[in-house]
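A structural walkthrough
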Amino acid sequence: MLHRPFRAACAAATATGALLVAGLSGSASALPPSSSGAATAAETLRTDAAPPGLLAALQRDLGLDRRQAEARLANEAEAGATTGRLRAAVGAHYAGAWVSGTLSDTLTVATTDPADVRAIRAGGADAVVVHHSLSALDAAKARLDRAAARHGTTAAPVWYVDVRTNTLTVEAISAESARSLLRAARVDTSLARIVRTTERPRPLYDLRGGDAYYIDNSTRCSIGFPVTRGTQQGFATAGHCGRAGSTTTGSNRVAQGTFQASVFPGNDMAWVATNANWTATPYVNGSSAQVAGSTQAAVGSSVCRSGSTTGWHCGTVQQLNSSVTYQEGTVAGVTRTSVCAEPGDSGGSFISGSQAQGVTSGGSGNCTSGGTTYFQPINPILQNYGLTLKTTTSGPSDPGDPGNPGDPGGTWAAGTVYQAGAAVTYGGATYRCLQTHQAQPGWEPPNTPALWQRT
């Protein structure tokens, strides 16, 4: 483990559909207003709050100008909402979705049923018919995760569901090591794809997201996102950075806090409770980044990272729900990205637009030659430890506004992490969650059609 010392081959058919946002002129402000008066996805997810540092990194790393970067973030927000609606429409046939194009202006939704193509196209996305549903691929990956606990996997260190190729992909130093793992997991070879690699991912060792902190006066990591738990303030970070009971000092070398819980390997998550001298803020180091929520970005979306070694760097989301084997063991459920990172960036912030995505886990390569980096998604950290993400706003409408419905009753609750497909009641109506996120005051289901669909 490295640390910073203290000093679509399976597609059966395709169909062409409309662009995600028609008539986009290159600026987020060009999005048409909602005909119903409800907030658009871009408005709900506050893409206009993307920090200058993040926009600058997007321009540098993805070859965009500022207007293109803003337009891309707005399109990605709309893509997430569209995906949620189409996933609900196709049901068990759903096989994943991804965005593409310089501006992320094309959304593709995969299905196992040709009869779904018309509905997908009518919903504003391209359609592709494939052999395997996402649930089938996820189930195969779960078997691989379980098998990895019993078999050595350092020669086959990475595996993930790749929705663009409709396969369970295993990256391996040798093909036989991948085949051995697939046999141990009893995964049908028709579901799998083996990719040869020479890279060996490792954890990236070494209260704003991205700020440095020191663990037990020996190693350095980076803050992920400031959080609260009741009145207690603190931050989420990577589990490999420290164990429960480890003490931390801030970048200024002042006593800061203590790890309350930590998991690594298996997952790579932890949180630190800070002392009264530290205040949680909704910002990311290196900019005036405003964290407005934790809605999960789609495959293909732009994503940026801030860390205490290399600062801001951007790339795209390559796969969700990946597994990666480090020397210490396998970590499941991480997101694979094309963003570079280096030792000391571990634990730092991954953000898409203004939406927190996760904390840096590990990877391969560096920020000189390029690399692959994995992050532990933030929503499972919030859910597992009962944490609330610190944000700059309460959502598209202030709960104190006269138009707020008050407390109409129901099962929806601010602070709860909702998974796509979850059902809640609110004001006597039932709603289905379209995108995984932590609920906030002001993000009540009737106010946020990008996140909730009335059933």
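The text that follows walks through the structure, step by step, so that each part is easy to find. (Residues numbered from 1 in each chain as written. Predicted model: local features only at pLDDT ≥ 70, side-chain atom pairs only at ≥ 80, totals over all residues. Heavy atoms only, no water.)

This next bit is on the state of the cysteines. Tallying each qualifying case throughout the model produces three disulfides. Here Cys304 is linked by a disulfide to Cys314, with a sulfur-sulfur distance of 2.0 Å. Its S-S torsion of about 100° marks the bond between Cys304 and Cys314 as right-handed, since a negative value means left-handed. Residue Cys304 is located in strand 17 (residues 302-307), and its partner Cys314 is located in strand 18 (residues 311-326); the two are separated by 10 residues in the primary sequence. Taking the relative accessible area as the measure of exposure, Cys304 reaches 1% and is therefore buried. (Disulfide = S-S within 2.5 Å. Helix = DSSP H or I, 4+ residues; strand = E, 2+ residues; numbered from the N terminus. Buried < 20%, exposed > 50% of the residue type's maximum accessible area, 1.4 Å probe, protein only.)

This part is about empty space enclosed by the protein. Here the largest cavity is characterised by a volume of approximately 150 Å³. Every residue lining the largest cavity is counted, 17 residues in all, and those nearest its centre are Leu45, Glu76, Ala77, Ser352 and Gln355. Every element with two or more residues in the lining of the largest cavity is listed here: helix 3 (66-90) and strand 21 (355-366). Looking at the lining of the largest cavity element by element, the count peaks at four residues for helix 3. Here the lining of the largest cavity is built from residues that sort into five nonpolar, 11 polar and one charged. Considering only enclosed or pocket space, the second largest cavity measures out at about 40 Å³ in volume. Looking at the second largest cavity, the residues that line it are Pro157, Val158, Glu171, Thr197, Glu199, Pro201, Ser364, Thr372 and Tyr374. Here the residues of the lining of the second largest cavity sort into four nonpolar, three polar and two charged. (1 Å grid on protein atoms, 1.4 Å probe; cavity = no way out; pocket = protein on both sides within 12 Å on 5 of 7 lines; lining within 4 Å. Points joined across faces, edges and corners; volume = space filled by probe spheres on them. Nonpolar A, V, L, I, M, F, W, Y, C, P; charged D, E, K, R; others polar.)

The subject of this paragraph is the packing of helix 2 (residues 52-62) against helix 3. When two helices pack together, their arrangement is captured by the angle between the axes and the distance separating the axes. At a closest axis distance of 9 Å, the pairing of helix 2 and helix 3 adopts a crossing angle of 105°. Taken together, the axes of helix 2 and helix 3 are roughly perpendicular relative to one another. Within the contact between the two elements, helix 2 uses Leu54, Leu55, Leu58, Gln59 and Leu62 and helix 3 uses Arg66, Ala69, Glu70, Arg72 and Leu73. In terms of residue class, the contact of helix 2 with helix 3 is built from six nonpolar, one polar and three charged. (Axes fitted to C-alpha atoms, helices over the stretch in contact; angles between N-to-C directions. Parallel < 35°, antiparallel > 145°, perpendicular 65-115°, else oblique. Contact = heavy atoms within 4.5 Å.)

Scanning the model with the defined rule gives six aromatic pairs in all. With centroids separated by 5.8 Å and ring planes inclined at 90°, the aromatic side chains of Trp412 and Tyr426 adopt a geometry described as edge-to-face. Here the residue Trp412 occupies a position in the loop between strand 23 (388-389) and strand 24 (417-418), and Tyr426 occupies one in strand 25 (residues 423-426), the gap between them amounting to 14 residues. Exposure remark for Trp412: the relative accessible area of 11% places this residue in the buried category. Given the relative accessible area of 7%, Tyr426 is considered buried. Ring-pair connections join several aromatic residues into one group, and the members of that group are Tyr213, Phe235 and Phe259. When the ring centre of Tyr214 is taken as reference, the NZ or CZ atom of Arg253 above it lies at 5.3 Å. (Phe/Tyr/Trp six-rings, centres within 6.5 Å; stacked < 30°, edge-to-face > 60°. Lys NZ or Arg CZ within 6 Å of the ring centre and 35° of its normal.)

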